[in-house]
Amino acid sequence: MDIQDFSDTFFEEAEELLADMEGHLLALDPAVPDIEQLNAIFRAAHSIKGGAGTFGFEALQRTTHIFENLLDHARRGELNLRGEIIDAFLATKDELSDQLAAYRNGTTPDQAAFEQACHVLNSIADQEIGDGQKTSGTSVPEGSAATQPSSQASQAMQSLMVTLKNVSEQDRSLLIEELGQLGDIVEQHSDAGQCRVILATTEGADAIEAVMCFIVEPEQVSIAPVASTTPPSVDKASIAGKAPATDTLSAKKASPPPVRPAKAKSTQENGSIRVAVDKVDQIINLVGELIITQSMLDQTVSELQGSEHAALLSGMSLLQRNARDLQEAVMSIRMVPMDYVFSRFPRLVRDLAGKLGKQIELVTEGESTELDKSLTERIIDPLTHLVRNSLDHGIELPDTRVAAGKPTTGRLTLSAQHQGGNILIEVIDDGAGLNRERILAKANENGLNVSDAMSDEEVWQLIFAPGFSTAAEISDVSGRGVGMDVVKRNIQAMGGHVEILSRPGQGTTTRIVLPLTLAILDGMSVKVGAEMFILPLSTVIESLQPTHQDLYTMAGDDLVLRVREEYLPVVALHETLDVANACHQPTESIAVIVQGEGRRYALLVDDLVGQQQVVVKNLETNYRRVPGISAATILGDGSVALILDIADLHRLHQRKRRDACSVLTDGAQQLSSSGHPTTESTSEILTTTAEDMTP
Amino acid sequence: MTDLSQSSGPAATDLNQSQFLIFSLGDEEYAIDILKVQEIRGYENVTRIANAPAFIKGVTNLRGVIVPIVDLRLRFALENAEYNSQTVVIVVNVGQRVIGIVVDSVSDVMALLPEQIKPAPEFGATLSADYLSGLGSVGDRMLVLVDIERLLTSEEMALVEQVSDGH
């Protein structure tokens, strides 16, 4: 192991610590701070400081040091927390993240930002900590400040016995070297099993442990204060006068052990490794191959009979089970809950609400909805933009809300759910809604082709036009960064689309619909003729065998099926997808009642084959979008099956019907124009074009 | 499966010459740039795609990747497009895509000098000269040099979504 490995570990641990810290800071109630949370924040800052010292990250070390001192006061109740102080702490956490990122990239953090952060913290320390309390906590460091001007140590010099167990020779010398940087090594014994170092230091036991933990496991280190041996190098006179203070400090130091087990536990819970996504993809592909090979073997073996093959047969069934388990386990690697995305927003909402002077309650729903990792990463930016927009333009100021008869606290809801083989992510606010007139006026100004007759949906889509921003909309919150056109483009790049629903005075809902590309799908395999198709299970409501009594024709040959007092249009899959040798008698087919994009219909197939989990393979990687088909998958026998897009299949059906109709009734168009089918198909044309514009 | 990128042979010393994979469609011989060829495999297990042009046979699974299969015999309006154990699929890499093309057979790999490549005449109705990089002459054989990348990514092949498509 070289120093690089250690620093990588440090960066990853420090990132996790900072994330924890932020979570605790956000949860902290300034009026009645939870001491456990303050302790946790303190420990995080402390551990980072220790690591930063080890690797010589000076700015990081100094910032965390000042931060830690403040936190120490806070947890002793000497610093009264207020909203602004927590804001400052959050800003410090951001600065620490920036510094960490800079060190990780091998650069030096921004000096101005660093000084600013230190300045803010120092001024809090100067202003907020009461004079009477100050003396008890900080008088000792003031005394030693003359000898150590660079670090404002808050703790007195003391002797600690550090015992290292089962540590390799190489690590041992490294650790002793580290200890030497933390203080003066007074004594050092080592034998085969363990090594004892007596250290005179101003650092606390947990700081030393934090440094050690980057190299060895916590169990391998034990640190205990040495009462009798006072290091000779310490100026006794300076301490003697302040003996009571030193005592309280060492008494404090004895208390850390109860909290330490909790810390070790939390590191274990968060234990994870970072792996490049393409490595995971490669594993998924290989496992897919393995499954196919396994089913091929299975087929060959199933032809064998007799007792002489018993061992082979039982081995095969074991292989099959293991291969399936492996596949399931591997597939779950890529999926992460939406919580991963949503957890970033409490902070953003809090900061923005404060900045805008609004009161906002953030509600998240469906955090456990699983989404492919790569999609969650790409959805963060667009979603952030939408949330910013909702906060800035959507939700009104408290006064305006009261005047409109709404509660002062605005509500912003983030929700995620699986629907119709898609993932639906919604940003819902209960604000003022979009202003139709202003959007139209601005669109006119921008030279866009608009008219007052446009439907609301069309008007809302205008805000996605490049460069579209009404003058009233520019602010430092959402005037900067990506525009709505970029949001739309990003989502389209993921194969999804955005819809806006807005009602004046009641709020705006922005709905992101992402396809299931990359996701794993629970599918129902159906057979038509000799071909196999996969229906997303989420779209399937029920299946039944239609009877003559329940089938009606409409306007000649349009079939409808009555299911419990509801009439559903019938779409024959063999007809829409031109499948040869399929069953043409509806009463001999199976009707699968499906629902997509709010439209419900009966899909006629020959046979239901079974339910299975399938890996969704994009058709567009090497081919193109196919009408009525959302993606493809690979079946157990290695062949490709197409996954049906229920909503699009219905559109395709309508289109085919229309084409057939226009051929038949070419001249006689006027005759049928009063009939129901034509009105239906006209409205269909409208919706189709509207939807075509969206993606 | 044959790995053709290794079979460059001794003739590869001349830097000016390019290597071509020669395949036949009916009685005609065609050639494509060997560097575009990923592998050669048999024709099997192709899943039909509804409402696609006839020359798009469907998609197949190439080690976990979904690859469209185009029958060049149908595209070039040849009669007798049969599928048997001898039918060959040449898997090519064009742009960022992997596409399989069905041909009657693959004959050999040949190096052509620039002087062996003649300009293609402007006449093709089914195969526009835009998709040809020339005609190769080797003895009394005429090889139609196809710019496979341009052909397969062209709008009329309907393999690649065009920007103007509106989707």
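This report concerns the structure included in the present document. (Residues numbered from 1 in each chain as written. Chains lettered and ligands numbered in written order. Predicted model: local features only at pLDDT ≥ 70, side-chain atom pairs only at ≥ 80, totals over all residues. Heavy atoms only, no water.)

**What about the overall build of chain B?**
Secondary structure assignment for chain B yields two helices and 11 strands. Element order for chain B, N to C, with α for helix and β for strand: β-β-β-β-β-α-β-β-β-β-β-β-α. Carbon and sulfur atoms provide 49% of the accessible area of chain B, an area that totals close to 8,300 Å². (Helix = DSSP H or I, 4+ residues; strand = E, 2+ residues; numbered from the N terminus. Areas by Shrake-Rupley, 256 points an atom, 1.4 Å probe, with all protein chains shown as cover.)

**A word on the overall build of chain A**
Counting its secondary structure elements, chain A contains 24 helices and 22 strands. Classification of the 695 residues of chain A by burial places 45% in the buried group. A separation threshold of at least 6 residues defines the contact pool for chain A, and within that pool the share at least 24 residues apart is 69%. For chain A, the computed accessible surface area is about 34,000 Å², with 52% contributed by carbon and sulfur atoms. (Buried < 20%, exposed > 50% of the residue type's maximum accessible area, 1.4 Å probe, protein only. Contact = heavy atoms within 4.5 Å.)

**Focus on unusual backbone geometry**
A negative phi angle characterises most non-glycine residues, just as the trans form characterises most peptide bonds. Positive phi outside glycine occurs at A:D578, with the angle close to 50°. Residue position: A:D578 is located in the loop between α21 (573–576) and β18 (590–596). Non-glycine residue B:N51 carries a positive phi angle of around 60°. Relative to the elements of secondary structure, B:N51 occurs in the loop between β3 (37–42) and β4 (56–62). By relative accessible area, B:N51 is classed as partly exposed at 35%.

**Let's talk about helix α12 (residues 277–302) of chain A**
Along its 26 residues, α12(A) runs 37 Å from first to last C-alpha, staying within 8% of the 38 Å computed at 1.5 Å per residue. Buried within α12(A) we find A:V280, A:I284, A:V287, A:I291, A:I292, A:Q294, A:S295 and A:V301. Contact partners of the buried residues in α12(A): α13 (310–334) and β21 (629–634) of chain A together with β4 of chain B. (Expected span 1.5 Å × (residues − 1).)

**Brief notes about the sheet that holds β4(B)**
All names here are of chain B. Here five strands make up an open sheet; going across it, the order is β3-β6-β7-β5-β4 and the pairing mixed. Only two strands of the sheet have a single neighbouring strand rather than two, namely β3 and β4. Averaged over neighbouring strand pairs, the angle between their axes works out to 30° when direction is ignored. The pairing of β3 with strand β6 (residues 88–94) spans five bridges and is antiparallel. Considered in β6, the bridge of R41 is made with V89. (Pairing = 2+ DSSP bridges. Axes fitted to C-alpha atoms, helices over the stretch in contact; angles between N-to-C directions.)

**Things to note about the packing of aromatic side chains**
As enumerated under the stated definition, the model contains seven aromatic pairs over all chains in all. Measuring from centroid to centroid gives 4.2 Å for A:F57 and A:Y103, while their planes differ by 20°, and the two rings are stacked. Here the residue A:F57 occupies a position in the loop between α2 (35–55) and α3 (58–75), and A:Y103 occupies one in helix α4 (residues 83–104), the gap between them amounting to 46 residues. The residues A:F57 and A:Y103 share a single accessibility class, namely buried. Their ring planes at 10° and their centres at 6.0 Å tell us that B:F23 and B:Y30 sit as a pair that is stacked. (Phe/Tyr/Trp six-rings, centres within 6.5 Å; stacked < 30°, edge-to-face > 60°.)

**With respect to the nonpolar core**
Core analysis: the biggest nonpolar cluster contains 67 residues, and A:L535, A:L577, A:L603, B:I32, B:I90 and B:V92 have the highest contact counts within it. For this core, the element with the most residues is β6(B), which contributes four residues. For B:I32, the residues in contact, after removing those within four places along its chain, are B:Q19, B:F20, B:L21, B:F23, B:V37, B:I90, B:V92, B:I101, B:V146 and B:I148. Grouped together as the second largest cluster of nonpolar side chains are 45 residues, A:V341, A:L356, A:F464 and A:A465 included. (Core = buried A, V, L, I, M, F, W, Y, C linked by side-chain atoms within 4.5 Å.)

**Details of the interface of chain A and chain B**
Taken together, the contacts link 28 residues of chain A with 28 residues of chain B. Carbon and sulfur atoms make up 48% of the surface buried where chain A meets chain B, a total of about 2,300 Å² over both sides. Considering only the surface of chain A that becomes buried against chain B, A:N622, A:Y623 and A:R624 emerge as the three largest contributors, covering 34% of it. On inspection of chain A and its partner chain B, the count reaches one salt bridge. A salt bridge links A:E531 to B:R48; the shortest N-O distance between them is 2.6 Å. The interface formed by chain A and chain B contains 10 residue pairs in polar contact (both at pLDDT 80 or more). Listing elements by their share of the side of chain A that touches chain B, those giving two or more residues are α12, β21, β22 (640–644) and α22 (646–664) of chain A. Per-element accounting of the side of chain A that touches chain B gives the leading share, three residues, to α12(A). Its residues assigned to classes, the side of chain A that touches chain B shows 11 nonpolar, seven polar and 10 charged. (Buried area = accessible area lost by both parts, 1.4 Å probe. Salt bridge = Lys/Arg side-chain N within 4 Å of Asp/Glu carboxyl O. Polar contact = N/O pair within 3.5 Å; in protein donor to acceptor, adjacent residues only side chain to side chain. Nonpolar A, V, L, I, M, F, W, Y, C, P; charged D, E, K, R; others polar.)

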